[in-house]
Amino acid sequence: MRVTVKLFAGARELAARSEIVVELPPGADVGELRAALADSVPQLGPLAQRSMISVNSEYASDASPITEGDEVALIPPVSGG
Amino acid sequence: MIQLTDDAIDTQYLLALVQRPEAGAVVLFLGTTRQFTKGRETVQLTYEAYREMAHREIERLETEARRRWSLVECAIVHRLGVVALGEASVAIAVSSSHRDDAFEAGRWLIDTLKETAPIWKQEHWADGSMEWIHPVESTAGREAAE
């Protein structure tokens, strides 16, 4: 399945785009998505390792499943306020 | 009231929203653009958000604050885009019958927003360089995700 991942802030700049499409096997989880992201955009690797991933606007653990059509985003360490 | 805005924050409007006859205390917190951080000079900040999620996350914080403390009203605004020196990037206004609830809830809301809301700041340093801030010690969402 193809999953579109939104990118923000430093991650968006490192990847030089605001979204990445990654190919994942059906039934993949957030951990596999994280690995696939680092593979397809190596310069994102170190930041992706210490980022959270959200699925449908909720923080997700690496064991959370991803379903085709989910809204997925890479959430690098936050600095609002 | 929760808002993500590209415009300057109108603090008088926020105060008017939370100031109520049943409240005896109003606390307003403003986070403002600081000129010097560990000796480095900032000329301005730019904020970016994952808007939809940030809105939901801040709503969740308001719900949790109302569960923990007895609040009359609560208004939270975060500004996005360029924020000049001295201007507010975030405002939290809370009212309660007695001051302890408003002080404690306001403190918890800003501390937790800074840890979990998907919002990022970019420093524009006086030497012309720019840098997205991604703190190493960040714990964003870890509790929520576990």
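Residues numbered from 1 in each chain as written. Chains lettered and ligands numbered in written order. Predicted model: local features only at pLDDT ≥ 70, side-chain atom pairs only at ≥ 80, totals over all residues. Heavy atoms only, no water.

Taken together, the contact between chain B and chain A spans 33 residues of the former and 26 residues of the latter. Summing both sides of the interface, chain B and chain A together bury roughly 2400 Å²; the carbon and sulfur share of this comes to 55%. B:E48 serves as the salt-bridge partner of A:R12, at 2.3 Å between the closest nitrogen and oxygen. Elements with a contribution of two residues or more to the side of chain B that touches chain A: β4 (40-49), α2 (51-68), β7 (88-96), α3 (99-116), β8 (119-125) and α4 (142-145) of chain B. In terms of residues, the side of chain B that touches chain A owes the most to one element, α3(B), which gives 5 residues. Looking at the side of chain B that touches chain A residue by residue, the class counts come to 18 nonpolar, 7 polar and 8 charged. (Contact = heavy atoms within 4.5 Å. Buried area = accessible area lost by both parts, 1.4 Å probe. Salt bridge = Lys/Arg side-chain N within 4 Å of Asp/Glu carboxyl O. Helix = DSSP H or I, 4+ residues; strand = E, 2+ residues; numbered from the N terminus. Nonpolar A, V, L, I, M, F, W, Y, C, P; charged D, E, K, R; others polar.)

With that settled, the discussion passes to the sheet that holds strand β2 (residues 25-32) of chain B. Residues and elements named next belong to chain B. Taken in spatial order, the 4 strands line up as β1-β5-β7-β2 in an open sheet, and their pairing is mixed. Bordering the open sheet on either side are β1 (2-5) and β2, each of which pairs with just one other strand. Averaged over all adjacent pairs, the angle separating strand axes in this sheet is 10°, with direction ignored. The sheet contact formed by β1 and strand β5 (residues 73-79) spans 4 bridges and is parallel. Of the residues in β5, the one forming a bridge with Q3 is V77. Together, β1 and β5 form the strand contacts of α2, whose direction differs from that of β1 by roughly 150°. Its contacts with the sheet place α3 against β2, β5 and β7, and it is angled at close to 150° to β7. (Pairing = 2+ DSSP bridges. Axes fitted to C-alpha atoms, helices over the stretch in contact; angles between N-to-C directions.)

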